[in-house]
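Chain residues, written in single-letter form:
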Amino acid sequence: MAEDRPNAASDPETEAAFKRELIGLIPHLRAFARTLAGDPAAADDLAQDAMMKAWDARASYQMGTNMKAWTFMILRNQFYSEKRRSWRQSQLDQEAAERTLVAVDDPSAPVALDELRQGLGMLPAEQREALILVGAGGFAYEEAAEICGCAVGTVKSRVSRARRALQAILEEGSYDRDGASASEAMNSILADAERLSSVR
Amino acid sequence: MPDERDAGKMIEQRQTARPKADTNLDEARLRQQAIGVKLRQMFDEVVNEPVPDEFLDILRRADSKSGQG
């Protein structure tokens, strides 16, 4: 089945096509890395490492299969293996959550986005990741399951729990920011979404 | 186990309670949609950033290395 597809290193032409596709994926790898690593510089390091790992592993990539999902899986594995190397899991989840919380240093960032990031930072890592892959990255549940190395049903339940939890955080004020209540957070997100859709 | 009469009553109750439930459902859906829009916006903001030159430099260096080897 897979044998009739050339791998990405089989000839110079295929390799060039692989490289073009990889370059096209860099912006997406950066965005995914940002959601994992929080700090933009650390995220770019992660995205670069993942890009190079993908390049080095091109002989194991079957052309015509889902390269975006493949590179996201590499990036994710890279992130978690680095994490395991230097920290204990629980410490890091906390750390990553905190970094995501404070990663908003742009004072001109729209308020609703700022609040969304903070809300995301409060979700358990595996819920946040599932929601981002499906809700922002545009992956199907099946693809997200492949990236995370878990069952499709697990991804579905993580996404739905993440959605509920995020909405609850934004509505019910499990956090506050400059004294603003969280229902204001939800309101600003609603208003913003409305504005965006009316602009379109 | 509810008998048929109870089941009938339940359906009746559900029907009378429906408009409110629908409104809540619509509201919940609206909120989820709004969150979805913002999530994509957050992600796309980074996607739309220009890629730092470093990325292509690294790839170019790796490429020339593998071309020689």
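Residues numbered from 1 in each chain as written. Chains lettered and ligands numbered in written order. Predicted model: local features only at pLDDT ≥ 70, side-chain atom pairs only at ≥ 80, totals over all residues.

**Considering the overall build of chain A**
Secondary structure summary: chain A contains nine helices and zero strands in total. Counting from the amino terminus, helix and strand elements in chain A follow one another as α-α-α-α-α-α-α-α-α. The 200 residues of chain A split such that 38% are buried. In chain A, the proportion of contacts linking residues at least 24 apart, taken out of those at least 6 apart, comes to 60%. (Helix = DSSP H or I, 4+ residues; strand = E, 2+ residues; numbered from the N terminus. Buried ≥ 20, exposed ≤ 12 C-beta atoms within 10 Å, placed from the backbone. Contact = placed C-beta atoms within 7 Å.)

**Section: the interface of chain B and chain A**
With 23 residues of chain B at the contact, the number on the chain A side is 29 residues. Only helix H1 (4-47) and helix H2 (53-68) of chain B provide two or more residues apiece to the side of chain B that touches chain A. Per-element accounting of the side of chain B that touches chain A gives the leading share, 15 residues, to H1 of chain B. By residue class, the composition of the side of chain B that touches chain A is 14 nonpolar, four polar and five charged. (Nonpolar A, V, L, I, M, F, W, Y, C, P; charged D, E, K, R; others polar.)

**A word on helix H7 (residues 141-148) of chain A**
Regarding H7 of chain A, the residues found buried are Glu 143, Ala 144, Ala 145 and Ile 147 of chain A. Gly 149 of chain A sits one or two positions beyond H7 of chain A and adopts a positive phi of about 65°.

**Quick look at the domain arrangement of chain A**
All names here are of chain A. One can read the domain layout of chain A as domain 1 (1-86) and domain 2 (108-200). With seven residues of domain 1 in contact, the opposing surface of domain 2 contributes seven residues. Sorting the residues of the side of domain 1 that touches domain 2 by element identifies helix H1 (12-37) and helix H3 (67-86) as the ones contributing at least two each. The dominant element in the side of domain 1 that touches domain 2, judged by the number of residues it contributes, is H3, at four residues. Looking at the side of domain 1 that touches domain 2 residue by residue, the class counts come to four nonpolar, two polar and one charged. (Domains from an automatic or database assignment.)

**Quick word on the confidence of the model for chain B**
Averaged over every residue, the pLDDT of chain B is 78; residues scoring 70 or more account for 65%. For this predicted complex, the interface confidence comes out at an ipTM of 0.77, alongside a pTM of 0.76. (pLDDT = per-residue confidence, 0-100.)

**Here's the deal with the environment of Val 152 of chain A**
Residue and element names in this part refer to chain A. Among the secondary structure elements, Val 152 is positioned in helix H8 (residues 152-172). A tally of 14 C-beta atoms within 10 Å means that Val 152 is categorised as partly exposed. In contact with Val 152, other than residues within four places in its own chain, are Tyr 141, Glu 142 and Ala 145.

**Quick look at the nonpolar core**
Counting residues in hydrophobic clusters, the biggest one holds 56 residues, and the most contacted among them are Leu 29, Ala 33, Leu 46, Met 51, Leu 75 and Ile 189 of chain A. By residue number, the principal contributor to this core is H1 of chain A, which donates ten residues. Excluding residues within four positions of it along the chain, Met 51 of chain A makes contact with Leu 22, Ile 26 and Leu 29 of chain A together with Phe 55 and Leu 59 of chain B. (Core = buried A, V, L, I, M, F, W, Y, C linked by C-beta atoms within 7 Å.)

**Description of the environment of Asn 77 of chain A**
Mapped onto the elements of the fold, Asn 77 of chain A is located in helix H3. Sequence-wise, Asn 77 of chain A and Ala 50 of chain A are 27 residues apart; in three dimensions their C-alpha atoms are separated by 8.9 Å.

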